[in-house]
Amino acid sequence: MDTKRILCFLQDIAANNNREWFLDHKSEYQACKQEFEAGVAALILEISKFDTEVSHLTPKDCCFRFYRDVRFSPDKSPYKRHFGAYICAHGKKSLRGGYYIHLQPGQCLLSCGAYWLPTNILTSCRNEIMANIDEWRKCVENGRFISYFGYPNAGKWSEGNIDPKGFGIESLKTIPKGFPRDYEFADYLRMKDYATWRLVPDDYFQGDGWLKDAVKYLKVAKPMMDFMNAVIDDYE
């Protein structure tokens, strides 16, 4: 994947986020889009070796639109400033956990897990953790998981400010209503998502050598994701 070309284009679109500039440079966008899709296709193939559920996917199934929906946003910029793809067996619009790849200058990352879950599913996930806490802890408290992603709610992820690693993008300040306030593993109940991430250098995805390294991280996060998907699947 030619990420140098992709990131250069993304820098330019960030500085010239308007329809006129984009139309003048649309051929470059299309070339970068093809490069990104080639990288996503290669990643799908590698992930399929340890997660056969995603083997049927194509880049079209996974890559998000570059055009922004500005109807309800104060930012009326028509184009995104990143390329992103969600490799999920049930599709990129599914609530089910999956694998995410994100290219953006200074904010390139890999991620795995379930994001933005509605309250009813979050409640079921929390109940499942409490009911099977020993199994859950084996997924998220082993040495490699902690080394790669850290402890729950420790990493911060906000616009333009992402810590090098993390487990949980958002969390509640207190224990959710209906759960015991003195629960020993309360940090897992405060989580509003069950997603991991690793921030990587801008040149990380250049070429093909990154695939083996990316799989190393994603394989370690998969048991946590599988635990959550067993709950989420009841709602899809």
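What comes next is a walk through the structure.

Criteria and thresholds
- Residues numbered from 1 in each chain as written.
- Predicted model: local features only at pLDDT ≥ 70, side-chain atom pairs only at ≥ 80, totals over all residues.
- Heavy atoms only, no water.
- Helix = DSSP H or I, 4+ residues; strand = E, 2+ residues; numbered from the N terminus.
- Rg over C-alpha atoms; globule rule 2.2 N^0.38 Å.
- Lys, Arg positive; Asp, Glu negative; His and termini not counted.
- Charge placed at Lys NZ, Arg CZ, Asp CG, Glu CD.
- Salt bridge = Lys/Arg side-chain N within 4 Å of Asp/Glu carboxyl O.
- Buried < 20%, exposed > 50% of the residue type's maximum accessible area, 1.4 Å probe, protein only.
- Contact = heavy atoms within 4.5 Å.
- Polar contact = N/O pair within 3.5 Å; in protein donor to acceptor, adjacent residues only side chain to side chain.
- Pairing = 2+ DSSP bridges.
- Axes fitted to C-alpha atoms, helices over the stretch in contact; angles between N-to-C directions.
- Core = buried A, V, L, I, M, F, W, Y, C linked by side-chain atoms within 4.5 Å.
- Phe/Tyr/Trp six-rings, centres within 6.5 Å; stacked < 30°, edge-to-face > 60°.
- Disulfide = S-S within 2.5 Å.
- Parallel < 35°, antiparallel > 145°, perpendicular 65-115°, else oblique.
- Left-handed = near helix turned anticlockwise from the far one by under 90°.

**Observations concerning the overall build of the protein**
Scanning the protein for helices and strands turns up nine helices and seven strands. The C-alpha atoms of the protein give 18 Å as radius of gyration, which agrees with the globular expectation for 236 residues (18 Å, within 12%). Taken as two groups, the 32 positive and 32 negative side-chain charges of the protein have centres that lie 3 Å from each other.

**Remarks on the pattern of salt bridges**
A complete count under the given rule lists 13 salt bridges for this structure. Among the ionic pairs, R137 bridges to E141, the shortest N-O distance being 2.8 Å. The network of salt bridges with common partners includes E53, R96 and D233.

**Quick look at the environment of R81**
Tracing the sequence through the fold places R81 in the loop between α4 (59-62) and β1 (83-87). The class for R81 is partly exposed, based on a relative accessible area of 28%. Beyond its immediate sequence surroundings of up to four residues, R81 is in contact with L10, A14, N17, D75, L103, Q104 and P105. One polar contact links R81 to S77, side chain to side chain, over a distance of 3.1 Å.

**Brief notes about the sheet that holds strand β6 (residues 165-167)**
Taken in spatial order, the five strands line up as β1-β2-β3-β7-β6 in an open sheet, and their pairing is antiparallel. Because the sheet does not close on itself, it has two edges, and the strands there are β1 and β6. Across the sheet, the axes of successive neighbouring strands diverge by a mean angle of 10°, strand direction being ignored. The pairing of strand β3 (residues 109-114) with strand β7 (residues 194-199) spans six bridges and is antiparallel.

**As for the nonpolar core**
Judged by nonpolar contacts, the single largest core of 72 residues is most densely connected at F36, I87, I101, W136 and F205. With 14 residues, the top contributor of residues to this core is helix α9 (residues 210-232). Apart from residues lying up to four places away in sequence, F36 is in contact with M1, I6, C63, F83, G84, A85, I101 and L103. By size, the runner-up hydrophobic cluster in this structure holds nine residues, among which are Y100, I169, A195 and W197.

**Digging into the environment of N17**
Note that N17 resides in the loop between α1 (3-15) and α2 (19-24). Using a relative accessible area of 15% as the deciding quantity, one classes N17 as buried. Not counting the four nearest positions on each side in its chain, N17 is found in contact with S77, P78, Y79, K80 and R81.

**A short note on the packing of aromatic side chains**
In total, this model carries 29 aromatic pairs according to the counting rule given. Among the aromatic residues, ring-to-ring pairing joins F9, W21, F22, Y29, F36, F66, Y67, Y79 and F83 into one connected group.

**Concerning the pairing of β1**
Along β1, five of the five residues are buried, which leaves the element largely enclosed by surrounding structure. Side-chain alternation along β1 places F83, A85 and I87 on one buried face and G84 and Y86 on a second face that is also buried. Two strands pair when backbone bridges link them, and β1 and strand β2 (residues 98-103) are joined in this way by five bridges, in the antiparallel orientation. Directly across from Y86, in β2, lies its bridge partner Y100.

**Points about the state of the cysteines**
A full pass over the atoms with the stated rule returns zero disulfides. The structure places no disulfide on C62, whose sulfur is separated from the nearest cysteine sulfur, that of C63, by 6.5 Å. C88 supplies the cysteine sulfur nearest to C112, a cysteine that is in no disulfide, at a spacing of 10 Å.

**A look at the packing of helix α3 (residues 26-48) against α9**
At a closest axis distance of 10 Å, the pairing of α3 and α9 adopts a crossing angle of 50°. Between α3 and α9, the crossing angle belongs to the class labelled oblique. By crossing handedness, the relation of α3 to α9 is classed as right-handed. Where α3 approaches α9, its residues G39, A42, L43, E46 and I47 are matched on the opposing element by W210, L211, V215 and L218.

**Some details on the packing of helix α6 (residues 133-140) against α9**
Put simply, α6 and α9 touch, their axes get as near as 7 Å, and they point 145° apart. You can see that α6 and α9 cross each other, and the crossing is left-handed. Along the contact surface, α6 presents E135, W136, C139 and V140, while α9 presents P223, M224, F227 and M228.

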